[in-house]
Protein chains: 2
Amino acid sequence: MTATGTRAAEADRVFAALANSTRREVLRLLRDGGPQPVQALADHFDMRRPSLSEHLKVLREAGLVSEQRNGRQRIYRLEAAPLADVQDWLHPYERFWREQLTGLGELLDRIPDDEPS
Amino acid sequence: MTATGTRAAEADRVFAALANSTRREVLRLLRDGGPQPVQALADHFDMRRPSLSEHLKVLREAGLVSEQRNGRQRIYRLEAAPLADVQDWLHPYERFWREQLTGLGELLDRIPDDEPS
DNA sequence: ACTATACGTAGGGTTTTTCCTACGCGTTAA
DNA sequence: TTAACGCGTAGGAAAAACCCTACGTATAGT
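Quantities reported herein were computed from a predicted structural model and do not represent experimental measurements.

### What about the sheet that holds strand β2 (residues 65-70) of chain B?
Residue and element names in this part refer to chain B.
- With antiparallel pairing, the three strands of this open sheet are ordered in space as β1-β3-β2. Two strands lie at the open edges of the sheet, namely β1 (36-37) and β2, each paired on one side alone.
- When β1 meets strand β3 (residues 73-78), the two strands line up antiparallel, connected through two bridges. Looking across to β3, one finds that Q36 is bridged to Y76.
- Contacting β2 and β3, helix α4 (residues 49-61) runs over the sheet at an angle of about 115 degrees to β2.

### Points about the environment of E25(B)
- Inspection of the secondary structure assignment puts E25(B) in helix α2 (residues 21-33).
- Along the backbone, E25(B) and F45(B) are 20 residues apart, and their C-alpha atoms lie at a distance of 9.3 Å.

### A look at the packing of α2(B) against α4(B)
Residue and element names in this part refer to chain B.
- Interaxial distance between α2 and α4 falls to 10 Å at its minimum, and their mutual angle equals 75 degrees. Considering the angle they form, α2 stands roughly perpendicular to α4. Residue-level inspection shows T22, R23, V26 and L27 of α2 in contact with α4, the latter providing L52, H55, L56, V58 and L59.
- Here the contact of α2 with α4 is built from residues that sort into six nonpolar, two polar and one charged.

### Regarding the pairing of strand β2 (residues 65-70) of chain A
Residues and elements named next belong to chain A.
- As paired elements, β2 and strand β3 (residues 73-78) share six bridges and run antiparallel to each other. Bridged to S66 within β3 is R77.
- Hairpin geometry of β2 and β3 is characterised by an intervening segment of two residues between the two adjacent antiparallel strands and by a positive phi of about 65 degrees at G71.

### Remarks on the packing of helix α5 (residues 81-90) of chain A against helix α5 (residues 81-90) of chain B
- Taken N-terminus to C-terminus, the directions of α5(A) and α5(B) make an angle of 150 degrees; their axes are 10 Å apart at the nearest point. Comparing their axes, α5(B) and α5(A) come out roughly antiparallel. The hand of the α5(A)/α5(B) crossing is left-handed. In this structure, α5(A) uses L83(A), V86(A), Q87(A), W89(A) and L90(A) to contact α5(B), whose residues at the interface are L83(B), V86(B), Q87(B), W89(B) and L90(B).
- Residues of the contact of α5(A) with α5(B), tallied by class, amount to eight nonpolar, two polar and no charged.

Cut-off values and rules
- Residues numbered from 1 in each chain as written.
- Chains lettered and ligands numbered in written order.
- Predicted model: local features only at pLDDT ≥ 70, side-chain atom pairs only at ≥ 80, totals over all residues.
- Heavy atoms only, no water.
- Pairing = 2+ DSSP bridges.
- Helix = DSSP H or I, 4+ residues; strand = E, 2+ residues; numbered from the N terminus.
- Contact = heavy atoms within 4.5 Å.
- Axes fitted to C-alpha atoms, helices over the stretch in contact; angles between N-to-C directions.
- Parallel < 35°, antiparallel > 145°, perpendicular 65-115°, else oblique.
- Nonpolar A, V, L, I, M, F, W, Y, C, P; charged D, E, K, R; others polar.
- Left-handed = near helix turned anticlockwise from the far one by under 90°.

Now the structure itself:
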């Protein structure tokens, strides 16, 4: 946990930040293109630059990007630590999608309490 | 992809569904307690039952739960396939948090274009 | 047939999200 | 110093999220 809020509120912010295709695309651009100033990112979107600035703010407050000032530019950089937290959160569910992919889950779930004959 | 919308819209729905602690707790209850009717889930929350029903609707539309009618009950079951998609989405970012945990990322990022001497 | 139970939906209020235009602030260039 | 550039913020409109209290529908029990 960083500074602000509870653990659940942090997860809220990270998932909410990811729940928007523009913001996911920003993360991809930073991942594939490295740290970039705002205008370079904005060029990829059909959206006014101030709106993208607000998306960057959401990503910043989720800890998914950081900014570094360079003259009059602000270089944004991917910060992947919250994504590692997402993967940790996913982990206890992993056996479920493996079961369901093999069709084993449905079988087990249809036998609620008693043993198979 | 299921039936409705684009791939990005699907990801929107999944991440948005996860961006709420009540809904994440529902998933945990289904994971740890197995398939359950609505009232059994509702007992864990300080919230009216109709509100929880709406949360279940959000989870259903994200494909994260399914319902199976049993008399006048509706048994909700965890559907983990969308979570597998989330893990797939995370995968290209994995090297970033590994780099950043070792402090290697910062070093590399400070050398923008030219080769190291 | 009547009542109770289990659940969803309708409608409404409040807050948040997401876009916009206008503007302010700091930095670089002329 | 004046102008242009890069970026954030303020304020506002439209839509969505999230909670509530009614209410409707279907099944189960008496």
